[in-house]
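# Residue-level structural notes
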Amino acid sequence: MDGQAQSKDFSVKFTMDEAQPRVLDRMAQGLLGTAMDRPEGRMKVTGTAPYAAEYRREGLVHGMLVRSTITKGRVTGIDAEKVQSMDGVIAVMTGGPLVRNPAQGTAHEAPAQSLPEVFYVGQPVALVIAESFEQARHAAQALTVTYDRADGADVDPATASDTETPEDNVLSQGDIDTAMKEAAFAVDTRYSTPPHSSAAMEPHASVASWTDGRLELHGSYQMLRHNVAELADALGVDEADVRIHSPYVGGGFGAKLGIAPEAVAAAHAARELGRPVSVVLTRPQVFEMTMRRSETTQRLRLGSDAEGRLTALGHEDWVSNLPGEAFAEPTAQGTHFLYGGDNRYFAQTLARVHRPCAGSVRAPGEAVGMIALECAMDELAETSGIDPIDLRLRNLPETHPENGLPYSERGLEDCLREGAAKFGWDARTPAGTRLDGDWWIGMGVASAVRVNALMNSTARVTLNPDGTALCETDMTDIGTGSYAILTQIVGEMLGLDPGQVEVRLGDSDLPKSSGSGGSWGAQSCGSAVFLAAQEIRKQLAEKLDVAADDLTFKDGTVTCDNVQHDIGDLIETPLTCEGTLNPGDTADAFSIAGYGAHFAEVGVHRDTGEVRVRRMLGVFSIGRVLNEKTASSQCHGGMIWGIGSALTEEIMHDPSDGRIVNHNLAEYHLPVSLDVPDLDVVLLEDTRDDQANPIQAKGIGELGIAGAAGAIGNAIYNACGVRVRDFPATPDKIFPHLPETD
């Protein structure tokens, strides 16, 4: 052993095909899993972390998108001359970059100044570019657009003439009709949820410039490797000619998964003008031009035997999207594997309507499907006289009830039992029996489940002779804590303090990661970082001629056979490794998901029907906890979203033309501080999922919302005996049915 390692790069590729050893449990640094502060936290709270709209370039000009005012038809004219003489106006653009879906392969095929077809009110139809933002906005408001309106534009999913029920969205197992007739207890009910908006704090924004034929775009996006492909496709250029920077994202929740109109418009305008262009969406434009969650109507059929064990389970749903769009809200996604029942029926009907495009919003499927399922389970508990928690526990299947796959790990029973004890569930009284002054008081419970996915991801880790490390990947941090957990994984594996680890994210020129979406980012990108660091450990072990497991990395040193080495004693040049994770057979051999349980206590005013959430508890089983603080924060955010889904949030469409009438944060009612009580989160300790990924962790970003609104809905019923089936549960849906009091 010469004590020196030559400068050399390594790579390792790993496919998840079998259960993985718990390597991280054997590490000595003690950093992973702690409530470590975010490394970038101080920058964010002091306003020094640059977000997309804040980037400035020499000669920067500003663009403002102009929205359609008709539901369906074609633009016949744009009076560009009217505004081009206004102060500061540089150009008016239409056509190619302003098609309905700019990243679907059609933008660059259209003539640059062609007039677009219109599919919904609010669709972008033109871009006004001016020297300042204010000038662009003023000119955009003054621009006159004429249309040829088309007849027959369905805007109401309930009456839409164009509907479809794809065969792959229908599952029939056994005979549900007979099972329902023969059931000792049965519930056949319908629930509805309204459209939702992601409503991220940071609006969509892009600053684009071109240098030597290559686009550089600072934007607010979640999945850069896909965003590069979409943007290149929309502009008709090679992916190698597109670079996206997105180091800080002020929330995404699905609305920033794919390229939005402002990015394509900014890039196209910058190329045409030869100047940097900034396009920032206004809040109404965010509501109208980016993805909404579809409204849902859901029919739940539950039948059980005399002991409350399900014999029938049916979940049918009706959702909507624009004509030609492939996405349909996967409403019943969690229902398929959460509870048993031999006789099962699932079907989904998709209505084609001329409303803004529907797509993935935080926890697509479970966020709305679990509301209906968990409230229907509460109805069955009332009908059968069985405690709601006991009913759920009796119906946890041993294997996936439809395909027989084993569960990789499922902590739902522990979540329900521990939550019941901590929340004081034994003090719950029958519905409508607890009155505290003017308030009916009630408790509700709901299970939480969210599918868990593993995605291809690559990361590069470099260990330097001075005992510092660098982690690089195009992974994004959308407020979830990516900078923190990747710092902790590197620090834990290489025995370094957080201050010795630098993490670089959000640059599409860096190794391609899973991106942030679907709650797969932490385990996918985190596993790639783990693999790279593990290979560095192996390389150092080879230099010492020992097994990697015989090395202890701690506080910047490597110890073997009671001999301690500084990193600089082992390497004189940086040691770099690139780790790549690929999903494998375990995803098909096991049912892998995160689980939890929500508990809520509410007060319902006996005269007005106003609902106030008094307290909430969420207990979650997510495998290995990577950072206790950021994981708990994600749960808090999901539970708050659940309060909004239960009580206030609703996109409202004008029934005459489908336009969104509450397209701002004043009228789209998100929960505010006074709506949110103290929230308690418990993350089950010592849980690991060896089949999920090499770091035994599972997603938490979306699990926290799944079921939360259902628990509140059930608490409302327990408080006052009013069952709300049309969410949100606003007072007008409650007070006409309240019991009379003296």
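Above this text is the structure in question.
### Quick notes on the side chain of S457
Mapped onto the elements of the fold, S457 is located in strand β22 (residues 457-463). Looking at S457, the relative accessible area reads 0%, which means it is buried. Engagement of the side chain of S457 in a polar contact is seen with the backbone nitrogen of S514, the distance being 3.0 Å.

### Considerations on the pattern of salt bridges
Where charged atoms from two side chains of opposite charge come close, those side chains can pair. All chains considered together, the criterion is met by 44 salt bridges. For the salt bridge of D188 with R299, the shortest nitrogen-to-oxygen distance reads 2.8 Å. Here D188, found in strand β10 (residues 185-193), pairs with R299, found in strand β17 (residues 296-304); they are 111 residues apart in sequence, far enough to count as distant. A relative accessible area of 47% means that D188 is categorised as partly exposed.

### Side note on the pairing of strand β21 (residues 439-451)
Where burial is concerned, most of β21 is hidden: twelve out of the 13 residues are buried. In textbook terms, the turn of a hairpin is the stretch between consecutive antiparallel strands, and for strand β20 (residues 435-436) and β21 this stretch comprises two residues, one of which, G437, has a positive phi near 65°. With 13 bridges joining them, β21 and strand β29 (residues 593-605) adopt antiparallel strand pairing. Bridge pairing in β29 links W439 to H605.

### Focus on the sheet that holds strand β5 (residues 117-118)
The strand order across the open sheet built from three strands is β5-β3-β7, with neighbouring strands paired in antiparallel fashion. Whereas interior strands pair on both sides, the edge strands pair on one side only; in this sheet they are β5 and β7 (145-149). The sheet contact formed by strand β3 (residues 73-78) and β7 spans five bridges and is antiparallel. Paired with G73 across the two strands is R149, which belongs to β7.

Parameters and conventions
Residues numbered from 1 in each chain as written. Predicted model: local features only at pLDDT ≥ 70, side-chain atom pairs only at ≥ 80, totals over all residues. Heavy atoms only, no water. Helix = DSSP H or I, 4+ residues; strand = E, 2+ residues; numbered from the N terminus. Buried < 20%, exposed > 50% of the residue type's maximum accessible area, 1.4 Å probe, protein only. Polar contact = N/O pair within 3.5 Å; in protein donor to acceptor, adjacent residues only side chain to side chain. Salt bridge = Lys/Arg side-chain N within 4 Å of Asp/Glu carboxyl O. Pairing = 2+ DSSP bridges.

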